[in-house]
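Working through the structure, step by step
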Amino acid sequence: MRIELPFPPSVNHYWVRTARRVYLSEAAKRFSRLTAAAVAEVQRQYGHRSFLGDVSVALTLYLPDKRVRDVDNYPKGVLDALTKAGIWSDDAQVRVMTVKKFDADNKIKNGKCVVVIDDYIEEETV
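The present account deals with the structure reproduced in this document.

Definitions and cut-offs
Residue positions are given per chain, counted from 1 along the sequence in the order it is written. Restriction of local features to residues with pLDDT of at least 70 applies here, the model being predicted, together with a cutoff of 80 or more for giving and counting side-chain atom pairs; totals for whole chains, interfaces and linings are based on all residues. By convention in this description, side-chain values take in all heavy atoms of the structure and omit both hydrogens and water. Helix numbering and strand numbering both begin at the N terminus, where a helix is a DSSP run of H or I of at least 4 residues and a strand a DSSP run of E of at least 2. Atoms counted for the radius of gyration: C-alpha only. Globule rule: 2.2 Å times the number of residues to the power 0.38. Under the scheme applied here, a residue whose accessible area is under 20% of the maximum for its type counts as buried, over 50% as exposed, and between as partly exposed, the area being computed with a 1.4 Å probe on protein chains only. In this text, buried Ala, Val, Leu, Ile, Met, Phe, Trp, Tyr and Cys residues form a nonpolar core when linked through side-chain atoms within 4.5 Å. Should any heavy atoms of two residues lie within 4.5 Å, those residues are counted as being in contact. Buried and open spaces are told apart on a 1 Å grid over the protein atoms alone, a cavity being a set of points where a 1.4 Å probe fits but cannot get out and a pocket being an open set with protein on both sides within 12 Å along at least five of seven lines. Residues with an atom within 4 Å of a point are the lining residues. Grid points are joined across faces, edges and corners, and a volume is the space filled by probe spheres set on the points. Charged means Asp, Glu, Lys or Arg here, nonpolar means Ala, Val, Leu, Ile, Met, Phe, Trp, Tyr, Cys or Pro, and polar covers whatever is left, Gly included.

On to the overall build of the protein. Regarding its fold elements, the protein presents 3 helices and 6 strands. Written out in order from the N terminus, the α and β elements of the protein read β-α-β-β-α-β-α-β-β. Computed over C-alpha atoms, the radius of gyration of the protein comes to 15 Å, within 12% of the 14 Å expected from 2.2 N^0.38 for 126 residues, which places it in the range of a compact globule. In terms of overall dimensions, the protein has C-alpha extents of about 40 × 40 × 40 Å along its principal axes. Burial statistics for the protein: of 126 residues in total, 36% are counted as buried.

Structure representation (structure tokens):
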């Protein structure tokens, strides 16, 4: 399954911490809503239901601008939004994940995140 999402907020901007609690930022809430809509559309188009077993995930980040970004600041929010959208019951089902980033080249305005999810196939252990 291939899902195109807007460029996600980094973990540095995904949660807001106060002295009493931690909650989702407005950017995270917006990203979560857009993710839910994208998942619903892909499921409607292809008749796909939620993944029941383990999965592999390939995340490709198309950076929105020339700022330096760490790839490890984005997957957690993306996986949480996909979980909330019902793509699987828990992101603990992710057995393998790859994350790539492509520098901004002005071809993709505002950047994007492409997620490819497949059923996990057990590799032979050595």
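Now that the structure is up, let's keep going.
In this structure, Ile3, Leu82, Ile87, Trp88, Val115 and Ile117 are the most contacted members of the largest nonpolar core, which totals 27 residues. Looking at this core, the elements with two or more residues in it are strand E1 (2-6), helix H2 (26-46), strand E4 (55-62), helix H3 (75-84) and strand E6 (112-119). Here the element with the most residues in this core is H2; it accounts for 5 residues. The contact partners of Ile3, leaving out residues within four places of it in the chain, are Ala38, Val39, Val42, Leu82, Ile87, Cys113, Val114, Val115 and Ile117.

For the largest pocket, the calculated volume is near 390 Å³. Looking at the largest pocket, it is lined by 19 residues, and the ones nearest its centre are Phe7, Pro8, Pro9, Arg69 and Tyr74. The set of elements that each furnish at least two residues to the lining of the largest pocket consists of helix H1 (11-14) and H2. The leading source of residues in the lining of the largest pocket is H2, at 3 residues. Grouping the constituent residues of the lining of the largest pocket by class yields 9 nonpolar, 5 polar and 5 charged.

Note that all results are geometric; they support no functional claim without further evidence.
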